[in-house]
Amino acid sequence: RSPVMLPAGRLARRVLRRARPVGRRGACRLSAARRAEEVSGFSKAAASYFDAFYNPSGAAEIAAETAWPAGETDDDIVRQVVEQLQKKDGESSMDVKLRGSLLELTDGRRLATVRAPVGPQGQPSEREFSVVMPSKQDVLDMLDARPELPADYELREKWFEPLEKFYSNYLDQRTTHVAMNAAWHQSPISASKAAWTEIAALMAQSLRSSKAAQESSRTNFRFNIDMAGKGKDALVMPPSNFAMLGIKDIFHMWCNGYRVIAVVQPHFYPHFKLVQEQAIEAGIPEDMLEVFPGITPDADPEVLHEILRRVGRLQFTGSSNMFGALVKKAIDMGNTDMEYAGEVSGLNKFTVEGVDVNRASVREGLAWAISANNGELCTSTSYVEADPSTFDALKSAVEGVNFPTGLVEDPSTVLVKRSDKASNVDVVVDQSVQLKEWWEKKALVGPANPDVRTSRSLGYCVYAPTVEEALEKTMPEYASCLYAAGCEAPDTAPQPRVGTTGAQVPQSVFGGMKTFTNAVGGDHDGVGSVQSNVYLAKSNSFSWRDNEEPASEYELSDRVEMLLDFLEAEDQKSFVPVMTKTLDIMWGLAKEEPGPVYYGQPMSNSTDGARTKMITLRAIKQTRLQPVLTTAGSELPADVIKLAIMREMSPFTNSPVHLHILTPFVSGGLRQLVDPLKSFLRVAPKLGWTVHEHADWAALVAHFERDDGFPPYLLALPGQKKHIALDLLKAVAGRMGYVYESMESDPLHLFRQLTTTQAWSAAVDDEREAAARSKLRELWISHGLKHGDEGYSSPVPGRSIRPGKKANDDFGNFDMDM
């Protein structure tokens, strides 16, 4: 294999000869002048930074720190759940404050009534109170009164002290948060504890990423915290089916320097009011978090619209339709600069292939995938692929599974009994029924269907005769989280089981497939992913460290050298150091290994409560950026060349690139394309790129309004985003995509822009653990990396990059056979 993926031809053979080190065919390896221990200074600093929150050592510390204490009873949680559900004498309202002042019901303000979802012991709801919702004028006054932050805000050492205290208080008050979630969300105590653990781990990652970057600024001087929010407002809206995700969003935004406006459902307001009080208690300034009820039909829509007109970022979790509508509303109101990110609903698929549908692990794993949280999880299964001859048997088997259903305050309850939900699982075999996201304990079973794409999925699960076969089956898929289970154990023996959910942070990631799945929207890198956490840090400017410490040397193929010829000398000089350091990050993370065991669902047929072993490999992939050229017919933006070079040099398997050109015409209808753009368009197909020419803005917008199964992520050019047609911005937002204004110039941020993460997970028992680990590693090398095993073993090639070459004005050499 050559160091870059090249088509057959003379250049491929020539590069293979040039790149081949003596004694190891096709390997990318260290030069003789650089020993293995002579790792670049930047690589060492990056490894130390990632150790804090992502690499095995940091992840293990986070897992231990956020684990629910062993042996702790649920008595205190039960007591607090009952307190939340009980009627309180004399309670008629709950205070709502804005800018520290109590809101009273006056003209322009509206009232919302909050009722506890149920009473104690499953009795009819008895607790009721009202909350005042702010008016449009209240919100305008709040936004206008926001004080400016000091210029040195991001450098203040003391900022993380209150964040650490808030996080510590969250850990200490775990039973209160679990009780609030269980009571107001009607969630089983066990599920609420799992939610608390996930949120704790996510906050720990955010905090550790920021603290590690800050520590780097004092020691190796390579990184620093990036409080890019700079005091701008971020709108956080928690989901109706997992409210606690709003807490990690608030914390993540704080770490990035945003002030947060949390608009919540009225029945979640008691919990978020507690969060606000705990923030103030921790020493976080009051203006860093405003919380008020507003996600309800009773609210004045102008309140939310005014916030959307002014905020710098929208952080959203919930319905994809709602998310797209909010972003488009912000654009309509002139807020085209708003950053937005969301984890939105997805249509999840479950495949049963070559195994008995009556097998305990299959029927129980599928039943749980359909019914968890009464079918309201964003990972709940909506479609089941199976052999048509097994449809009726599968329906009978799965509908026959009964999980313990009971009261919200009963710790043994697995599914809370709810009057608004069906009591049993419903597997639909009628093929005339239209597939949709059910939000109920319901799924459609059908044959393998290429139209049901996992690019719309947060979770995809496969059961096959062996775990190796199941993992192989998941590889072509795009869901954020891939789950595989084998059926090797005897029918009566304990069997590992899993569904379309089960990922745990920090051992795994969730919602990470930016640019691949519609279930992740906007500028979003996934819950718990490395990309999400490097969002909080930045690389320091190049300094004396670059001259004093060893630097990596990466071999350039002829193809990359020719691409560099498109860049002016000054662009080469500034880009090459950024490229080198970004590659240091990529190659450092390319040696990903299957992570430590964590425990998932109970083993089927187990008599001692044993749980399924889960093993996850966090697979980094390239994103699907689509450059859009709207400039003059001769201009070839440097960012397009930089993207092409980074994709050639990246160790990760390439994904498709679509280049879009708004074709310029003169009055006579002749296309005005001249060099260097004309020459690059001849090269682009040889790079594996697809070129789309659009006659006008309407044609460009129409292209992105068509759904190809993937959210569009566009790379505009510096300064061009403000000139892009609003209809195009809305078309992209409506399909869960995003528009980047330029290629990042910071190595950490460029890595984040060019990559995303997918979780590959295997459900196993003790006997199959080693086989699953081996298969995951094999698949990562064969499917995740361009260079295969040799590149995985010795990823750093051995010829230095020399910047400063003169730009080549003769583009004819790009007509050579590539």
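Preceding this section is the structure that the text describes.
Residues numbered from 1 in each chain as written. Predicted model: local features only at pLDDT ≥ 70, side-chain atom pairs only at ≥ 80, totals over all residues. Heavy atoms only, no water.

Q: Is there a simple way to explain the overall build of the protein chain in this structure?
A: When its secondary structure is counted, the protein chain shows 26 helices and 28 strands. Every one of the 818 residues in the protein chain was classed for burial, and the buried ones make up 61%. Restricting the contact set of the protein chain to residue pairs at least 6 apart, pairs at least 24 apart contribute 80%. Of the accessible surface of the protein chain, which amounts to about 30,900 Å², a share of 49% is contributed by carbon and sulfur atoms. (Helix = DSSP H or I, 4+ residues; strand = E, 2+ residues; numbered from the N terminus. Buried < 20%, exposed > 50% of the residue type's maximum accessible area, 1.4 Å probe, protein only. Contact = heavy atoms within 4.5 Å. Areas by Shrake-Rupley, 256 points an atom, 1.4 Å probe, with all protein chains shown as cover.)

Q: What is the right way to look at the side chain of Ser552 in this model?
A: Take Ser552: it is sitting in the loop between helix 17 (545–548) and helix 18 (558–564). For Ser552, a relative accessible area of 11% gives the class buried. At 3.4 Å, the side chain of Ser552 and the side chain of Ser40 are in polar contact. Separated by 2.6 Å, the side chains of Ser552 and Asp584 make a polar contact. (Polar contact = N/O pair within 3.5 Å; in protein donor to acceptor, adjacent residues only side chain to side chain.)

Q: Whenever I open this one, the sheet that holds strand 12 (residues 381–385) confuses me. Can you help?
A: Within a sheet, each strand pairs with its neighbour through backbone hydrogen bonds, oriented either parallel or antiparallel. Pairing is mixed in the open sheet, where nine strands are placed in the order 15-16-12-11-17-18-28-22-21. Across the chains shown, the open sheet's two edge strands, defined by having one partner strand only, are strand 15 (426–428) and strand 21 (598–602). On average, each strand axis in the sheet is inclined to that of its neighbour by 25°, with strand direction left out of account. Here strand 21 runs beside strand 22 (residues 611–622); their pairing, made up of three bridges, is antiparallel. Paired with Pro602 across the strands is Arg611, a residue of strand 22. The strands that helix 25 (residues 769–784) touches are strand 22 and strand 28 (755–764); relative to strand 22, the one it contacts most, it runs at about 10°. (Pairing = 2+ DSSP bridges. Axes fitted to C-alpha atoms, helices over the stretch in contact; angles between N-to-C directions.)

Q: Explanation requested: unusual backbone geometry in the structure shown.
A: Outside of glycine, negative phi angles account for most residues, and trans bonds account for most peptide bonds. In this chain, Val505 is followed by Pro506 through a cis amide linkage whose omega measures 15°. Locating Pro506 in the fold gives a position in the loop between strand 18 (481–486) and strand 19 (520–522). A positive phi is found at Arg99, a non-glycine position, where the angle reads about 55°. Mapped onto the elements of the fold, Arg99 is located in the loop between strand 1 (97–98) and strand 2 (101–102). According to the relative accessible area criterion, Arg99 is partly exposed, its value standing at 48%.

Q: Sorry, what's going on with the nonpolar core here?
A: Within soluble globular proteins, side chains that are nonpolar generally end up buried alongside one another. Counting residues in hydrophobic clusters, the biggest one holds 238 residues, and the most contacted among them are Trp254 and Phe680. Broken down by element, this core gets its largest block of residues, twelve residues, from helix 8 (residues 189–218). With residues up to four places along the chain from it excluded, the contact list for Phe680 reads Leu563, Phe566, Leu636, Val640, Ile641, Leu659, Leu687 and Trp689. With six residues, the next largest nonpolar core counts Leu347, Trp438, Leu444 and Val452 among its residues. (Core = buried A, V, L, I, M, F, W, Y, C linked by side-chain atoms within 4.5 Å.)

Q: Whenever I open this one, empty space enclosed by the protein confuses me. Can you help?
A: Empty space among the atoms can be located by rolling a probe the size of a water molecule over them. Taken as a whole, this structure holds eight cavities of 30 Å³ or more when the rule is applied. Space inside the largest cavity adds up to approximately 210 Å³. Together, 21 residues line the largest cavity, and Lys248, His252, Gln315, Gly526 and Ser532 are the ones closest to its centre. Within the residue set of the lining of the largest cavity, elements represented by two or more residues are helix 8, helix 9 (245–255), strand 9 (313–318) and helix 16 (530–534). Taken together, the residues that form the lining of the largest cavity break down as six nonpolar, nine polar and six charged. Of the volumes computed, that of the second largest cavity is approximately 100 Å³. Lining the second largest cavity are Val327, Ile331, Asn335, Thr336, Met338, Tyr340, Lys721, Leu729, Val732, Tyr738 and Val739. Within the residue set of the lining of the second largest cavity, elements represented by two or more residues are helix 12 (320–332), helix 23 (726–734) and strand 27 (738–740). (1 Å grid on protein atoms, 1.4 Å probe; cavity = no way out; pocket = protein on both sides within 12 Å on 5 of 7 lines; lining within 4 Å. Points joined across faces, edges and corners; volume = space filled by probe spheres on them. Nonpolar A, V, L, I, M, F, W, Y, C, P; charged D, E, K, R; others polar.)

Q: Where do I start with the environment of Ala489 in this structure?
A: Looking at the secondary structure, you find Ala489 in the loop between strand 18 and strand 19. By relative accessible area, which is 13% here, Ala489 ends up buried.

Q: Sorry, what's going on with the pairing of strand 18 here?
A: Every other side chain in a regular strand lies on the same face of the sheet, so the side chains alternate between the two faces. Burial analysis of strand 18 places six of its six residues in the buried class, which makes it a mostly covered element. With six bridges joining them, strand 17 (residues 459–464) and strand 18 adopt parallel strand pairing. Among the inter-strand pairings, Ala464 is bridged to a residue of strand 18, identified as Gly486. Read from strand 17 through helix 15 (residues 467–474) to strand 18, the crossover connection turns out right-handed. As paired strands, strand 18 and strand 28 are joined by five bridges and run parallel to one another. (Right-handed = clockwise from strand over helix to strand, strands pointing away.)

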